[in-house]
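Results of the structural survey
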Amino acid sequence: MADVRKKPVGVFDSGLGGLTAVRELRRILPHEDIVYFGDTGRVPYGTRGRDTIIRYAKQDIAFLLEKDVKFIIAACGTVSSTLPHEYSDALAVPYTGVVASTAAAAVEATRTGHIGVIGTPATVMSRSYERAIRALRRDTTITAAGCPLFVPLVENGYFDRGNEVTHLVARDYLTPLRDAGVDTLILGCTHYPLIAPIIGDVMGPDVALIDPGRETAKYAKRALASSGLLNPDGGRAEYYVSDDVESFHRLSEWFLGEYTGGDVKRISVDEYEV
Ligand code: DGL
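The sections below set out a description of the structure shown in this document.

Some thoughts on the site of the ligand
For the ligand, the set of nearby residues contains 14 residues, the closest of which are Ser 14, Tyr 45, Gly 46, Gly 77 and Thr 78. Separating a nitrogen atom of the ligand from a side-chain N or O atom of Asp 13 is a distance of 2.9 Å. Interatomic distance of 2.6 Å between a backbone N/O atom of Gly 77 and an oxygen atom of the ligand. Residues that form the shell around the ligand fall into these classes: 6 nonpolar, 7 polar and 1 charged.

The structure is reproduced here in C-alpha cells:
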C-alpha cells in the first residue's frame with residue numbers, strides 16, 4: 001500500500017497570497033512535498049458573493065484531491081471564512097483554513113484584549129474571526145475593517161516599503177484601527193504579510209501583527225505530526241495557476257523568499273464539476 005506520509009500537502013488560494021503560507025511551510029516542514037494552486041484567473045474572491053466563493057473553493061479542492069494530497073490548507077482568509085464546515089469536515093482528507101489558528105495566536109498575543117482584524121470584505125462581513133476569538137476569550141474588544149484595495153495592490157507588485165500608493169491606502173484603512181487603540185492586528189488575508197512593513201509603519205511598533213500563513217503552517221505541522229503523517233524525505237514543490245504562468249514567475253519570489261523554485265503549470269479549474 002502507498003505510504004500516505006509521502007503524499008503531498010495541498011495548499012490553495014485565490015491567487016498568489018497563499019504562497020506566504022507555502023514559504024512558512026517550507027521553512028518549518030522542509031521534508032514535505034507541496035502542491036500549490038493559485039486561482040490567478042479568478043482572483044480576487046473577497047469582493048464576490050458567497051455562492052461564487054463556495055463554488056470556486058470546491059473546484060480548487062477538487063483539483064487538489066485529484067493530485068492525491070494527504071492534507072489540504074485553504075491559505076485564503078476569504079475561503080476559510082466562507083466555506084461551510086459541513087463541507088470541509090466531510091472531505092476525504094484533513095482540511096484546515098487559516099482562521100482558527102490565527103485567532104488563537106492573536107488571543108495569545110494581546111495584552112489589552114483589544115484586537116483588530118483586517119481582511120477582504122467577504123472575510124470581515126462573515127465575522128469569522130470575531131467568532132473564533134470570542135470562542136477562546138469572551139472579554140475581547142474587536143475592531144474590524146475591510147481593505148479591498150490591498151489584494152490588487154499586492155498582486156500587482158505594489159508592496160515595497162517605500163511605495164507611496166500603498167502607504168496612502170494603508171493610512172486610510174488603518175488609521176481608525178490605530179486610533180481605536182488595538183494592540184494586536186490580525187492580517188486576515190494571506191496577501192497582507194507582503195505589506196506588513198507598511199502596515200507596521202502605520203500602526204506603530206507597539207501593535208503585534210499576526211500572520212495567518214505562519215500560524216497556519218505551525219498548526220499544519222502539529223496536525224501532521226499528531227496523525228503520524230509527516231513525510232520523512234520529501235521537499236519538492238509544484239505550482240499550478242489558472243492564468244498565465246508569467247505573473248507567477250514575476251511575483252512569486254516576493255512571496256516565497258528564499259524558497260522560490262519548482263515547476264509552474266497552468267490548469268483549467270472551471271472544468272471541475274462540483
Ligand atoms: N488571499 C486571499 C485571502 O486571504 C485573497 C483575497 C481575495 O481573493 O480577495 O482572503
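Things to note about the packing of helix 5 (residues 99-109) against helix 11 (residues 212-226)
Each pair of packed helices can be described by the angle between their axes along with the distance between the axes. It is the contact of helix 5 with helix 11, at a shortest axis distance of 8 Å, that shows an interaxial angle of 105 degrees. As the angle between them shows, helix 5 and helix 11 are arranged roughly perpendicular. Contacts between helix 5 and helix 11 involve Ser 101, Thr 102 and Ala 105 from the former and Pro 212, Glu 215, Thr 216 and Tyr 219 from the latter. Its residues assigned to classes, the contact of helix 5 with helix 11 comprises 3 nonpolar, 3 polar and 1 charged.

As for the pairing of strand 7 (residues 184-187)
Of the two faces of strand 7, the one carrying Thr 184 and Ile 186 and the one carrying Leu 185 and Leu 187 are both buried. In the sheet, strand 7 pairs with strand 8 (residues 208-210) via 3 bridges, with the strands oriented parallel. Looking at the pairing, Ile 186 lines up with Ile 210 of strand 8. In the classification by handedness, the crossover that spans strand 7, the intervening helix 10 (residues 196-203) and the parallel strand 8 is right-handed.

Let's talk about the sheet that holds strand 3 (residues 71-74)
Read from one edge to the other, the open sheet built from 6 strands follows the order 4-3-1-2-9-10, with strand pairing classed as parallel. Two strands close off the open sheet at either side, each with one partner strand: strand 4 (95-96) and strand 10 (264-266). Against the sheet, helix 1 (residues 19-28) contacts strand 1 (9-13), strand 2 (34-38), strand 3 and strand 9 (237-241), and its axis sits at roughly 170 degrees relative to strand 2. Packed on one face of the sheet, helix 11 meets strand 1, strand 3 and strand 4 and runs near 165 degrees to strand 3.

Analysis parameters
- Residues numbered from 1 in each chain as written.
- Predicted model: local features only at pLDDT ≥ 70, side-chain atom pairs only at ≥ 80, totals over all residues.
- Heavy atoms only, no water.
- Near = heavy atom within 4 Å.
- Polar contact = N/O pair within 3.5 Å; in protein donor to acceptor, adjacent residues only side chain to side chain.
- Nonpolar A, V, L, I, M, F, W, Y, C, P; charged D, E, K, R; others polar.
- Axes fitted to C-alpha atoms, helices over the stretch in contact; angles between N-to-C directions.
- Helix = DSSP H or I, 4+ residues; strand = E, 2+ residues; numbered from the N terminus.
- Parallel < 35°, antiparallel > 145°, perpendicular 65-115°, else oblique.
- Contact = heavy atoms within 4.5 Å.
- Buried < 20%, exposed > 50% of the residue type's maximum accessible area, 1.4 Å probe, protein only.
- Pairing = 2+ DSSP bridges.
- Right-handed = clockwise from strand over helix to strand, strands pointing away.

No statement about biological role is implied by the geometric values presented.
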